[in-house]
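What follows is each chain in one-letter form.
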Amino acid sequence: MARTLNAVGLLAVSLVLIAAFLDQVLLGELPCPLCLLQRVGFMGAALGLALNVKFGPRPGHYGVVILSACFGGMVSIRQILGHIVPGTGTYGSAILGLHFYSWALLVFGAIVLGCTALLFFERQFERSDTVPWRATTVGMAMVGLAAALALANGVSTVLECGAGLCPDNPVVYEWLQGLNPPRP
C-alpha cells in the first residue's frame, strides 16, 4: 500500500510541475525567482517520493519530502506576503480565484500532512527477507516522469536566467534572445 501511495503522490507532484510548465510554455508566463524556488520545493518532494518508490519506504525519505515541502511552503508564504498588500498587484494568472503561489502553499501543506500520516503506518518500514523490494513498472514510470520534469525545468531555468541572476519580472528567455535578432 505504501508503494502505491508514494507513486500516486509522485504523480500528483508531477502534475503540479506539468501545470506550471505548461503555463510557462503555452501561455508565455515565465516564472519569477520565487516561482522557481517553489518548483525546487516540488522537485525535492518528488525526490523523496521517488526514493520511496525505488528503494522502499524509509523515514529519511519522508523527511526529504517534508523538509522540501516546508521549504517550498515558506517560499510560497514569502510570495503571498509580497502581493497581499492592496495595490501591489499579483504575479501570473489566477486559477479558480487563486494564483499559483497560493495553490502551491495549499499543495505543500497537503504534502506535509500526507507524509506525516504515512509515517504513522510503521509496518511499511519492516523488512521482509522472504520478498525482496521491487518497484513496480508504474512506480518507475512515475520516477521517470518526475526526472524528466526536473530536467525540463532545469533547462528552461537556464534558458530564462542565463548565467546570472534571474530577473524579478522575466519577459524573455535570456539565452534565446540572441537567436532572433530584432528586425529594423
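Our subject is the structure listed above.
So, how was this worked out
- Residues numbered from 1 in each chain as written.
- Predicted model: local features only at pLDDT ≥ 70, side-chain atom pairs only at ≥ 80, totals over all residues.
- Heavy atoms only, no water.
- Helix = DSSP H or I, 4+ residues; strand = E, 2+ residues; numbered from the N terminus.
- Buried < 20%, exposed > 50% of the residue type's maximum accessible area, 1.4 Å probe, protein only.
- Contact = heavy atoms within 4.5 Å.
- Core = buried A, V, L, I, M, F, W, Y, C linked by side-chain atoms within 4.5 Å.
- Axes fitted to C-alpha atoms, helices over the stretch in contact; angles between N-to-C directions.
- Parallel < 35°, antiparallel > 145°, perpendicular 65-115°, else oblique.
- Left-handed = near helix turned anticlockwise from the far one by under 90°.
- Nonpolar A, V, L, I, M, F, W, Y, C, P; charged D, E, K, R; others polar.
- Expected span 1.5 Å × (residues − 1).
- Disulfide = S-S within 2.5 Å.

Colleague: What is the right way to read the overall build of the protein from this model?
Modeller: Across its full length, the protein carries five helices and two strands. In the protein, the succession of helices and strands from N to C terminus is α-α-α-β-β-α-α. Within the protein, the proportion of its 184 residues that are buried is 35%. A fraction of 72% describes how many contacts in the protein between residues 6 or more apart in sequence connect residues 24 or more apart.

Colleague: Whenever I open this one, the nonpolar core confuses me. Can you help?
Modeller: The nonpolar side chains of soluble globular proteins are, as a tendency, buried together. Membership of the largest hydrophobic core comes to 24 residues, with the highest contact counts inside it found for L10, V13, F42, V65, F108 and I111. When residues of this core are traced back to their parent elements, those giving at least two are α1 (2-26), α2 (33-55), α3 (59-83), α4 (100-119) and α5 (137-161). Examining the composition of this core, we find that six residues originate from one element, α2, more than from any other. Look past the residues within four positions of V13 in its chain and what remains in contact with it is F42, A46, L49 and I111.

Colleague: Looking at this model, I keep getting lost on the packing of α2 against α4. Mind explaining?
Modeller: Packed helix pairs are specified by the crossing angle of their axes together with the interaxial distance, meaning the distance between the axes. Interhelical geometry of α2 versus α4 gives an angle of 25 degrees and a closest axis separation of 11 Å. The orientation of α2 with respect to α4, classified from their angle, is roughly parallel. For α2 against α4, the interelement crossing comes out left-handed. Residues Q38, G41, F42 and A45 of α2 touch α4, and the partners they reach there are F100, Y101, A104, V107, F108 and I111. Considered class by class, the residues forming the contact of α2 with α4 number eight nonpolar, two polar and no charged.

Colleague: Could you clarify how one ought to interpret α3 in this entry?
Modeller: Residues three or four positions apart in an α-helix share a direction because the helix packs 3.6 residues into each turn. Taking 1.5 Å of rise per residue, the 25 residues of α3 would be expected to cover 36 Å, and the 36 Å separating its terminal C-alpha atoms lies within 8% of that figure. Of the surrounding secondary structure, the elements contacted by the buried residues of α3 are α1, α2 and α4.

Colleague: I keep staring at the packing of α2 against α5 and nothing clicks. Help me out?
Modeller: One can describe the packing of α2 onto α5 by two numbers: an axis separation of 10 Å at closest approach and a directional angle of 155 degrees. Relative to α5, the element α2 lies roughly antiparallel. The handedness of the crossing between α2 and α5 is left-handed. On the side of α2, the interface is formed by L36, R39, M43, A46, A50, V53 and K54, while α5 contributes G139, M140, V143, A146, A150, N153, T157, E160 and C161. Taken together, the residues that form the contact of α2 with α5 break down as ten nonpolar, three polar and three charged.

Colleague: Please explain the state of the cysteines as it appears in this structure.
Modeller: Any covalent bond linking the sulfur atoms of two cysteines counts as a disulfide. Going through the model one piece at a time under the given rule, you end up with one disulfide. For C161, the disulfide goes to C166, at an S-S distance of 1.8 Å. Taking the sign of the S-S torsion, 100 degrees for the link of C161 and C166, the bridge is right-handed. Relative accessible area serves as the criterion here: at 7%, C161 is assigned to the buried category.

Worth remembering: the numbers are spatial, not functional.
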